[in-house]
Amino acid sequence: MTHITIYHNPDCGTSRNVLALIRNSGEEPEVIEYLTNPPDRATLDQLLAAMDMPVRDVLRQKGTPYDDLGLGDSKWTDAQLVGFMLQHPILINRPIVVTPLGTRLCRPSEAVLDILPQPQQAAFAKEDGAAVIDAKGQRVDKA
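What counts and how
Residues numbered from 1 in each chain as written. Predicted model: local features only at pLDDT ≥ 70, side-chain atom pairs only at ≥ 80, totals over all residues. Heavy atoms only, no water. Helix = DSSP H or I, 4+ residues; strand = E, 2+ residues; numbered from the N terminus. Buried < 20%, exposed > 50% of the residue type's maximum accessible area, 1.4 Å probe, protein only. Polar contact = N/O pair within 3.5 Å; in protein donor to acceptor, adjacent residues only side chain to side chain. Contact = heavy atoms within 4.5 Å. Pairing = 2+ DSSP bridges. Axes fitted to C-alpha atoms, helices over the stretch in contact; angles between N-to-C directions.

Draft legend 1. Fine view of the side chain of T5. Tracing the sequence through the fold places T5 in strand β1 (residues 5–8). Under the relative-accessibility criterion, T5 is labelled buried at 7%. At a separation of 3.4 Å, a polar atom in the side chain of T5 contacts the side chain of E30. Sequence-distant contacts of T5, that is, excluding residues within four places in its chain, are made with E30, I32, I96, V97 and V98.

Right, dumping it as structure tokens:
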């Protein structure tokens, strides 16, 4: 078994789909419900660096205090934005998955397939019924 970590929100369909895709590869990840067990600054900084994404791209807007805090204003530095994420973990977009092959914000949920060390073991459809993996364990072409 490979060590895989998912920063998960069980109320989020995308996060649930990503967790299910990880399990469909035969792995049981470490599940961190980041709203009740948020990362500390060092961990969040490490995740952001590993994803090689701008901090703003990891900020969640929908269903968060993003607008109330005025976080769309360009005056905020990356360090300040990280500070807001630490104060309000709901601002951290999800799910973030860490595997030996990389760290990624997995939106859409299929993005996790690029960093899973093991192949999918069975057919898989998202909660909304959209097929992602066929019976042979291969990605379904959306064309």
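Draft legend 2. Region of interest: the sheet that holds strand β3 (residues 96–99). Spatial ordering of the open sheet is given by β2-β1-β3-β4, a layout of four strands whose pairing is mixed. Two strands in the sheet have a free side with no partner beyond their single neighbour: β2 (30–33) and β4 (102–105). Averaged over all pairs of adjacent strands, the angle between strand axes in this sheet comes to 15°, irrespective of strand direction. Relative to β4, β3 runs antiparallel, the two sharing four bridges. For I96, the partnering residue across the bridge sits in β4 and is L105. The strands touched by helix α1 (residues 13–24) are β1, β2 and β3; relative to β1, the strand with the most contacts, the crossing angle is about 160°.

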